[in-house]
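Coordinates in review
Given next are the chains, with one letter for each unit.
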Amino acid sequence: MEDLLEIAGEEIGNRLFIGTGKFSSYSIMKQSLGAAKAEVATVALRRVDPDSKNENIMDFVPESCRVMINTSGARNADEAIRIARLAKAAGAGNWIKIEVIRDNKYLLPDNLETLKAVETLVREGFVVFPYMSPDLSMGRRMAEAGAAAVMPLGSPIGSNRGVKTRELIEIMINEINLPIIVDAGLGRPSEACECMELGSAAVLVNTAIAVSNDPVKMAKAFSESVYAGRLAYLSGIPAIEKTASASSPLTGFLRDKK
Amino acid sequence: MSFYDVYIKYRNFDLDKVFRSNSPVSIQPILERDRLDLDHFIYLLSPQAENFLESMAQKAQAITRNNFGNTVQLYTPMYLSNYCDNSCAYCGFNFNNNIERRKLNPEEVDQEAQYIHSLGLKHILILTGESRGESPVSYIKDCVRILKKYFSSISIEVYPLTVNEYTQLVNEGVDGLTIYQETYDDSLYAKIHVYGPKKDYKFRIDAPERGAEAGMRSISIGTLFGLGEWRREVFILGLHAKYLQDKFPEAEIGISVPRIQPQVGGFKPVSPVSDRNIAQTILALRIFLPRLGISLSTRENPEFREGLIPLGITKISAASTTAVGGHTIGGKTSQFEIQDRRNVDEIKIMLERKGYQSVFKDWLQI
């Protein structure tokens with residue numbers, strides 16, 4: 001049976017989601033999405049320019065790719081809500097990644113404002129993906145509010161530091177009954193693989209692909225690595241033992257028959 | 001507490017003493033750090049660090065790529081009025097200069113806006129001289145109302161305003177504030193701002209935070225190179241940018257270091273700044289403040305601009321004119337001479353060649 005990620009009635013085969021900022025050109029971005037066989041791409045509404053004299057980013061997202069608009073630039077719930085509504089009105093669909101950032105130094109999200117935006121936008125019929133700092137209670141609240149998935153960060157956006165929040169993400173994977181999509185900070189394919197091995201439903205990568213010397217090849221590398229991590233997770237990864245387990249130093253004296 | 005208090009604290013700070021006490025053996029340990037403190041920033045600005053510009057550039061490029069990607073945002077200035085009540089020694093719009101004064105009427109604003117929009121530009125920076133009589137806040141608001149039809153982002157570079165006035169402009173649709181202190185050296189400031197409201201050093205130095213308080217999304221500050229001693233100016237500029245980042249984490253803080261160019265009046269730079277000095281400035285600021293926006297104007301020549309881009313530039317102007325109505329009305333009197341006269345397509349092609357995407361639109365009116 002094919003392993004598909006189901007979100008809001010849609011089935012997604014490729015669990016690598018790709019962000020579309022930071023590429024040196026839209027054409028490289030398009031080739032990268034193609035090479036990865038990406039099925040979901042996030043696009044910042046602030047970059048969308050339908051009446052552009054130049055190029056409009058939306059024309060470079062392959063048709064096979066579902067667009068998830070993000071609310072980049074929103075500083076509070078109200079701004080995120082307004083951006084989401086503008087996106088819908090512009091025909092960009094109703095999949096929305098909520099990004100509320102009040103911190104321009106580390107670009108860390110404001111979980112409380114994000115939650116408020118989730119509550120409103122779910123009521124308005126959006127399929128909502130909150131980007132958040134990993135926190136179990138907040139994740140639960142996002143789930144209760146009707147989020148379609150939650151997107152905890154691995155480390156700050158663009159930092160390429162990997163899954164620094166691993167322990168918290170593992171708890172969220174274990175406890176929250178929604179797809180957990182690790183977003184931000186993944187710098188290399190092995191880190192994306194690590195998230196998938198942990199049981200993440202998907203990962204979202206942008207910077208590490210866009211600013212590598214060969215984004216098209218790197219996109220493919222991430223895609224294959226995500227696939228490998230997913231297969232490993234599904235196969236059941238054997239537990240790690242710190243010692244060899246041949247002898248029984250504490251119970252060897254028990255000579256009775258079992 | 002405002003930045004003016006910080007300035008007073010560092011006003012007599014002995015930079016040279018720190019430069020002298022620093023061991024110039026290697027810059028590598030600083031470049032390997034994730035976070036820099038003030039002493040590290042000072043070292044990057046030091047005469048000794050001039051020997052390490054290439055290593056600094058490698059680091060700065062990597063930081064810029066991770067934070068801003070392979071993209072550069074384009075904008076253009078639009079001069080609305082050159083009436084001015086100030087006499088500033090270095091400025092072409094000095095009220096003592098016998099130049100043609102004009103201010104765009106609403107039809108002319110519309111005409112200029114249509115033209116700039118037709119070039120594909122979506123981010124505009126509007127400028128006026130300092131004349132509350134000729135270009136009052138109500139006039140600026142009227143212009144913004146027209147410009148909103150054409151542009152995704154509108155920034156202002158006008159005389160310093162109160163929080164209430166900035167709020168009115170934010171509510172009208174302005175999202176960015178640019179205001180340069182020109183020189184942070186208050187005694188030099190007093191000398192070269194001979195006459196007019198701009199003499200009020202404190203009201204100007206605290207304007208960026210009033211703008212941030214009013215809800216401006218982006219704040220850009222700067223010092224005019226050629227006035228004060230550059231290392232000192234950049235040191236205070238770095239402090240100012242960091243202060244704003246710390247106090248207003250939700251705002252995007254940016255800087256620019258325009259260099260004095262020939263203008264009507266013939267003012268000569270007090271302390272000249274070399275190309276290497278500008279490069280070191282950009283590198284030190286980029287490494288000290290990784291998320292800082294750095295913009296580069298058409299005051300510099302094409303070749304130098306191109307070289308600076310990978311060192312940390314995030315925004316550049318294109319198709320610039322510094323005359324009121326300079327695009328379509330035939331305004332001739334410029335505030336200063338521009339060196340890079342390339343049009344939007346030429347800039348776009350240059351950026352592509354260097355491996356950068358030109359970002360025309362990076363905001364929306366919400």
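In this text, all values refer to a predicted model and were calculated from it rather than measured experimentally. (Residues numbered from 1 in each chain as written. Chains lettered and ligands numbered in written order. Predicted model: local features only at pLDDT ≥ 70, side-chain atom pairs only at ≥ 80, totals over all residues. Heavy atoms only, no water.)

**What to know about the overall build of chain B**
Here is the rule: Per the convention used, a helix needs a DSSP run of H or I reaching at least four residues, while a strand needs a run of E reaching at least two, with both numbered from the N terminus. This radius of gyration counts C-alpha atoms alone. The globule rule is 2.2 Å times how many residues there are, raised to the power 0.38. Note that accessible areas follow from Shrake-Rupley with a 1.4 Å probe, and for residues the cover is restricted to the protein chains shown. Charged residues are defined here as Lys and Arg on the positive side and Asp and Glu on the negative side; His and the ends of the chain fall outside this count. Taken as the charge location is NZ of Lys, CZ of Arg, CG of Asp or CD of Glu.
Counting its regular elements, chain B contains 15 helices and eleven strands. Against the 2.2 N^0.38 benchmark of 21 Å for 366 residues, chain B shows a C-alpha radius of gyration of 20 Å, consistent with a compact globule. If you line up chain B on its principal axes, its C-alpha atoms span 60 × 45 × 40 Å. For chain B, the exposed area adds up to about 13,600 Å²; of that, 49% sits on carbon and sulfur atoms. Each charge class in chain B can be summarised by its mean position, and for the 43 positive and 44 negative side chains these summaries are 1 Å apart.

**Let's talk about the interface of chain B and chain A**
Note the threshold: Residue contacts are defined here by distance: any two heavy atoms, one from each residue, within 4.5 Å place the two residues in contact. Here the quantity called buried area is the accessible surface, traced with a 1.4 Å probe, that two parts lose on coming together, added over both. Throughout this description, the term salt bridge denotes a Lys or Arg side-chain nitrogen within 4 Å of a carboxyl oxygen of Asp or Glu. Counted as a polar contact is a pair of N or O atoms within 3.5 Å, where, for protein atoms, one must be capable of donating a hydrogen and the other of accepting one, and residues adjacent in sequence contribute only when both atoms are in side chains. When residues are grouped by polarity, Ala, Val, Leu, Ile, Met, Phe, Trp, Tyr, Cys and Pro land in nonpolar, Asp, Glu, Lys and Arg in charged, and all others, Gly among them, in polar.
Facing 37 residues of chain B, the contacting portion of chain A comprises 35 residues. Both faces considered, chain B and chain A share a buried interface measuring about 3,100 Å² in area, 42% of it formed by carbon and sulfur atoms. Three residues stand out in chain B for area buried against chain A, namely Asn66, Gln357 and Ile366 of chain B, and they jointly supply 20% of the buried area on that side. Where chain B touches chain A, the interface holds seven salt bridges. Ionic pairing is found between Asp246 of chain B and Lys105 of chain A, a salt bridge with its closest N-O pair at 2.4 Å. Where chain B meets chain A, there are 24 residue pairs in polar contact (both at pLDDT 80 or more). Residues belonging to the side of chain B that touches chain A are distributed by class as follows: eleven nonpolar, 13 polar and 13 charged.

**So, a nonpolar patch on the surface**
Using the following cut-off: Patch definition: residues with relative accessible area over 30% and no salt bridge; like charges joined within 9 Å; nonpolar side chains (Val, Leu, Ile, Met, Phe, Trp, Tyr) joined within 5 Å. Burial classification: accessible surface area is computed with a 1.4 Å probe over protein chains only, and a residue below 20% of its type maximum counts as buried, one above 50% as exposed, and the rest as partly exposed.
A cluster of nonpolar side chains, contributed by Tyr227, Leu231, Tyr233 and Leu234 of chain A, occupies part of the molecular surface with about 410 Å² of accessible area. Judged by relative accessible area, Tyr227 of chain A falls into the exposed class, the value being 54%.

**Describing the pattern of salt bridges**
Residue and element names in this part refer to chain B. Summed over all chains, the structure comprises 42 salt bridges over all chains. Residue Asp110 pairs with Lys149 through a salt bridge whose shortest N-O separation is 3.1 Å. On the criterion of sequence distance, the pair formed by Asp110 in helix H6 (residues 106-118) and Lys149 in the loop between helix H7 (137-147) and strand S4 (153-157) is long-range, its members being 39 residues apart. On the basis of relative accessible area, Asp110 is assigned to the buried category, the value being 17%. A relative accessible area of 57% means that Lys149 is categorised as exposed.

**A few points about the packing of helix H4 (residues 136-144) of chain A against helix H5 (residues 166-175) of chain A**
All names here are of chain A. Threshold: A fitted line through C-alpha atoms serves as each axis, taken over the contacting stretch for helices, and the angle formed by two N-to-C directions is quoted from 0 to 180°. Note: crossing handedness is left-handed where the near helix turns anticlockwise from the far helix by less than a right angle, and right-handed where it turns clockwise.
At a closest axis distance of 10 Å, the pairing of H4 and H5 adopts a crossing angle of 35 degrees. Between H4 and H5 lies a crossing of right-handed hand. Judged by residue contacts, Leu136, Gly139 and Arg140 of H4 engage Ile171, Met172 and Glu175 from H5.

**Concerning the sheet that holds strand S6 (residues 95-98) of chain A**
Residues and elements named next belong to chain A. We apply this condition: By the convention used here, strands pair only if DSSP detects at least 2 bridges between them.
Across the sheet, which stays open at both edges, the eight strands sit in the order S8-S7-S6-S5-S4-S3-S10-S9 with parallel pairing between neighbours. Lying at the two open borders of the sheet, with one neighbouring strand each, are strand S8 (151-152) and strand S9 (181-183). Sheet analysis places S6 next to strand S7 (residues 127-132), joined by four bridges and oriented parallel. Along S7, the bridge assignment pairs Lys97 with Phe129.

**Topic: helix H5 (residues 53-68) of chain B**
Residue and element names in this part refer to chain B. Counted only if it meets this: By this rule the span expected of a helix is its residue count minus one, scaled by 1.5 Å. The arc in question is formed by the directions pointing from the helix axis toward the C-beta atoms.
Its 16 residues place the ends of H5 21 Å apart at the C-alpha level, agreeing with the 22 Å of an ideal helix rising 1.5 Å per residue. Where H5 is concerned, the buried positions are Leu53, Met56, Ala57, Ala60, Ile63, Thr64, Asn67 and Phe68. Seen along its axis, H5 keeps its buried residues to an arc of 135 degrees; they face one direction. Along its buried surface, H5 packs onto helix H3 (28-31), helix H4 (38-45), strand S1 (71-81), helix H13 (275-288) and strand S9 (293-296).

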